[in-house]
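Analysis of the macromolecular model
Residues per chain, in single letters:
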Amino acid sequence: MDFQLNDEQRLFRQTLRDFVDREIVPVARDWERSGRYPTEIVEGMRKLGLFGLLVPEEYGGLAADTVSFALTFEEISRGWLGIAGILGSHSVSCWLLAHHGTPEQRARYLPELATGARRTGIALTEPGAGTDLQGISTTARLDPSGASGDYIVNGTKMWITNARYADPLPVLVKTDPKAQPAHRGMSILLVEAGTPGMEVTQDIGKLGYKGTESCEVVLDGVRVPSSQLLGGIEGRGLQQALSSLETGRINIAARSVGIAQRAYEEALSYARDRTAFSQAIGDFQAVQLRLAEIAVQLQAARLMTYWAASRMDDGVRMDTESGMAKIFASETALQCATDSMRIHGGYGYSTEFEVERLYRDAPLMSIGEGTNDVLRTVVAKSLLSGKATVG
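These figures come from a predicted structure and were not determined experimentally.

Turning our eyes to something else, we now look at the pairing of strand β6 (residues 214-225). Side-chain positions along a regular strand alternate between the two faces of the sheet. Pairing geometry for strand β2 (residues 150-161) and β6, over 10 bridges, is antiparallel. Each bridged residue has a counterpart across the sheet, and for I160 the counterpart in β6 is C215. Pairing of strand β5 (residues 198-203) with β6, which is carried by 5 bridges, proceeds in the antiparallel orientation. Within β6, the position partnered with V200 by the bridge is V217.

Now for helix α10 (residues 354-361). Within α10, 7 of the 8 residues are buried, which leaves it mostly tucked inside the rest of the structure. Here α10 has its buried residues at E354, V355, E356, R357, L358, R360 and D361. Looking at the buried side of α10, the elements it contacts are α2 (28-34), α4 (66-79), α5 (81-100), α7 (237-273) and α9 (319-344).

Bringing unusual backbone geometry into the picture now. Of all residues except glycine, most have a negative phi; of all peptide bonds, most are trans. Following D167, the chain continues into P168 via a peptide bond in cis, with omega recorded as 15 degrees. Examined against the element boundaries, P168 turns out to sit in the loop between β2 and β3 (169-174). You will see that A63, though not glycine, has its phi angle at about 50 degrees, which is positive. Turning to its location among the elements, A63 is positioned in the loop between α3 (39-47) and α4. A relative accessible area of 38% places A63 in the partly exposed class. For Y209, which is not glycine, the phi dihedral falls at a positive 55 degrees. Examined against the element boundaries, Y209 turns out to sit in the loop between β5 and β6.

At a minimum axis separation of 7 Å, α4 and α7 run at an interaxial angle of 40 degrees. Here α4 is positioned oblique relative to α7, judged by the angle of their axes. Along this stretch, α4 crosses α7, giving a crossing that reads as right-handed. Taking contact as the criterion, the partners of T66, F69, A70, F73, E74, S77, R78 and G79 in α4 are, on α7, T247, I250, N251, A254, R255, V257, G258, I259, Q261, R262 and E265. Grouping the amino acids of the contact of α4 with α7 by side-chain chemistry returns 7 nonpolar, 7 polar and 5 charged.

Analysis parameters
Residues numbered from 1 in each chain as written. Predicted model: local features only at pLDDT ≥ 70, side-chain atom pairs only at ≥ 80, totals over all residues. Heavy atoms only, no water. Pairing = 2+ DSSP bridges. Helix = DSSP H or I, 4+ residues; strand = E, 2+ residues; numbered from the N terminus. Buried < 20%, exposed > 50% of the residue type's maximum accessible area, 1.4 Å probe, protein only. Contact = heavy atoms within 4.5 Å. Axes fitted to C-alpha atoms, helices over the stretch in contact; angles between N-to-C directions. Parallel < 35°, antiparallel > 145°, perpendicular 65-115°, else oblique. Left-handed = near helix turned anticlockwise from the far one by under 90°. Nonpolar A, V, L, I, M, F, W, Y, C, P; charged D, E, K, R; others polar.

Structure representation (structure tokens):
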């Protein structure tokens, strides 16, 4: 049992930390407030090779271990959660292609995705279907004329990160809407940018998680060649999507740790510098207790996230472990942001202090990649069935 990062991971973390402190922290608050897209930061991540995190080395990627993957999102989210969103959706989609794509699909897309010359995302959620992916209504039917071999796609997707930049965009569809159970009729199609009939119709306004766009995407009679069917076989789309979400939950857990870490740093600094009644507020026991609780919960969330990531590196199925880490870390992020705001007092409610942004960003972590209440049922069913154990 080893609770330490290895030398390579420590060097990687330091490189990320230096990048975040130099390129993200100084501009995050102002750029978030103005709605400015972080083009320069994206270019910096490209130069670091971060768009190839989960791309195999044979395609030019980093093929990072899952702990290093988690470190990436922890450090970037410490600077600005929205930036992590740009990289997160891309990375989950790359994992999807690397593990489920045909040899031709991998060769076509992964080399440019690894460099960031192409970017991608993943289109699962719909206006009427979020956690219940089997409830999607987007359809893809083969051209009834039989002449082209194309699928014709119709439907609407919501909350799509990187929608304007994704090329290709994996889209979860129903190729057989009458299939029972529904998942047997679900597939993923790789829709290329600029395909006629696919349109980004709006950016969805959000409380936090700014810097990256979250869009509504309408697909109206979109023609997609059958060669763009992920894996080349219909009926595997839900299985493919859910397997990628294990990686996604590590991503969310790590982002949550990053938010909690920044909340801790801001609270600690403020407790040292702010004075009241002629002494630093950190001298008051009430503040000390709250600060200690932030630190305890933060470190517990970090260790649980690294544990789940290391289990994935062991090559075992870890939907229970990733779910547990995501639940605990996301709840920790929200609590740490709230407690940090309380330590800041009135200034915590001001847009001039970082903690206000952390407070707005944190709630999303309990919703993204499956709501925490749904994940609690997933964990409980695994325990009851004996597929997972604790202790």
